[in-house]
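As a plain string of letters, each chain reads:
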Amino acid sequence: MIENTDLSVLVEPTLTWYEANKRDLPWRKDKDPYHIWVSEVMLQQTRVEAVIPYYERFMTALPTIEALAKCQEDPLLKLWEGLGYYNRVRNMQKAAQTICAEYGGQMPQTYDGIVALSGIGPYTAGAIASIAFDERVPAVDGNVLRILSRVSQDDSDILKDATKKRMTAQLSQIMPKEAGAFNQALMEIGALVCIPNGQPKCDLCPWQPFCLAYKNDTYDRLPVKTKAKPRRIEEKTVLLIQDGQKIVLRKRPSKGLLAGLYELPNIEGYLTEEEALAFVRGQNLAPLQIKKLPEAKHIFSHIEWLMQGFLIQVADVDSFQQDEDLSKGPQDYLLVDIDKTRKEYAIPSAFDKYAEFIALHRMD
DNA sequence: GAAGCGTGGTG
DNA sequence: TCACCAAGCTT
């Protein structure tokens, strides 16, 4: 690790480079703290290109903090469907409700006030405070950690809190009055020049004269990150239970993986056809026909689902709805019109392979 | 400090 | 095909 690297020489070249090279992104049209906030939360662990259409749609549907605070959970999750890390949007709504209750609907204007809100940590608070209010605080994300570790050839593990704290402290000392532009410039250099995958574009980099990783050709070993531990594997059997008009969905629990989203009923393990039929009969339904569906795999950050599926036609799926035991059970089942399923319910992409079959195998 | 929490792109 | 990666936060 390199001590006392003087970063102050980087400030002017960085700001100059940013003014000439910054991208024209939807959330850079103004400095409305709500706009900055929503974009920053969406961008957590998520690529810019993926975020753009979600951001546009979200702002159209929920143009103000108050609208976000008052939105029902299902439509809120639908707006977030496919972005992942769904607690982000739940926490954001909680924070919006706090802002309405305690700050008159206006985002608090200091780092300390902002970081106290639900779902907002050191990075996001720094980004909002600096970009919207020009408070002189750093916003240290993965881009910033990468470019700092390279420019100073620092092999500290950037995932460790101690490393983040040290780099945050270094940046605090050189933070110019244009804090918002400077923080965004650091991230923009990381996103466009000092890229994480592949060859960094050192010829375009405003830091090249100062960069130790460039000088010593060590960029490909930096930054240092601890390896993720291997994913656990889970085997599942997914069931498409439907008659001509409706299909059985299930609302996931309010905590844990994919909390609050809707899914196709699924059971741990690989069931035989007989076991799958027994499961369906156990739900007071009369199966008429069963067909094996293709296997599928879905990779989460920490789990891998290996799935097999069955399409099961049942007689009069409405009898299912009338069974009171089902509503008392641990699982929250519901019947959904086939044509509305994917349009109105937030269903995780893990089920995409099977959701494709929902409309294709009607018996009418 | 470590684990839990999604998804899609990339070499 | 697969490991790695992307503007992290919460518990």
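Reading guide: rules and limits
Residues numbered from 1 in each chain as written. Chains lettered and ligands numbered in written order. Predicted model: local features only at pLDDT ≥ 70, side-chain atom pairs only at ≥ 80, totals over all residues. Heavy atoms only, no water. UniProt positions renumbered as here; feature names shortened; annotations may be inferred. Near = heavy atom within 4 Å. Polar contact = N/O pair within 3.5 Å; in protein donor to acceptor, adjacent residues only side chain to side chain. Nonpolar A, V, L, I, M, F, W, Y, C, P; charged D, E, K, R; others polar. Core = buried A, V, L, I, M, F, W, Y, C linked by side-chain atoms within 4.5 Å. Buried < 20%, exposed > 50% of the residue type's maximum accessible area, 1.4 Å probe, protein only. Domains from an automatic or database assignment. Contact = heavy atoms within 4.5 Å. Helix = DSSP H or I, 4+ residues; strand = E, 2+ residues; numbered from the N terminus. Pairing = 2+ DSSP bridges.

With an unreviewed UniProt entry as reference, chain A is termed Adenine DNA glycosylase, source organism Roseburia lenta. Per UniProt, chain A has the following entry under Function (unreviewed entry): "Adenine glycosylase active on G-A mispairs." Looking at the Catalytic activity (unreviewed entry) heading of the UniProt record, one finds this comment for chain A: "Hydrolyzes free adenine bases from 7,8-dihydro-8-oxoguanine:adenine mismatched double-stranded DNA, leaving an apurinic site."

(A) Region of the structure containing the protein's contact with DNA strand B. With respect to spatial proximity, 21 residues lie near DNA strand B, and among them Q45, Y86, L258, I299 and H302 are the closest. In this structure, a sugar or linking oxygen belonging to DNA strand B sits 3.2 Å away from a side-chain N or O atom of S349. Here the residues of the surface near DNA strand B are counted per class, giving nine nonpolar, nine polar and three charged.

(B) Fine view of the nonpolar core. Counting 102 residues, the largest nonpolar core has W37, F58, L171 and L240 as the members making the most contacts within it. Composition of this core by domain shows at least three residues from each of domain 1 (8-221) and domain 2 (232-355). Residues within four places of F58 in sequence aside, it is in contact with Y34, V38, M42, L68, L76, L79, W80, V89 and M92. In terms of nonpolar packing, the next biggest core, distinct from the first, is built from 15 residues, L271, V280, I312 and L335 among them.

(C) Quick peek at the pairing of strand β2 (residues 246-251). The element β2 is extensively covered by neighbouring structure, given that five of its six residues are classed as buried. The pairing of β2 with strand β7 (residues 332-337) spans six bridges and is classified as antiparallel. Paired with V248 across the two strands is L335, which belongs to β7. Pairing of β2 with strand β3 (residues 262-263), which is carried by two bridges, proceeds in the antiparallel orientation. Its bridge partner being in β3, K251 is matched across the sheet by Y262.

(D) Main features of the environment of A20. Position of A20 relative to the elements: it lies in helix α1 (residues 11-21). Relative accessible area serves as the criterion here: at 64%, A20 is assigned to the exposed category. A20 sits 106 residues away from G126 along the chain, and the two C-alpha atoms are 23 Å apart.

(E) Representation of the UniProt feature "domain: HhH-GPD" (unreviewed entry) in chain A in the model. Per the UniProt annotation, the sites labelled "domain: HhH-GPD" (unreviewed entry) are residues 42-192. Overall, residues 42-192 shows 67% helix and 0% strand. The separation of its end C-alpha atoms is 19 Å.

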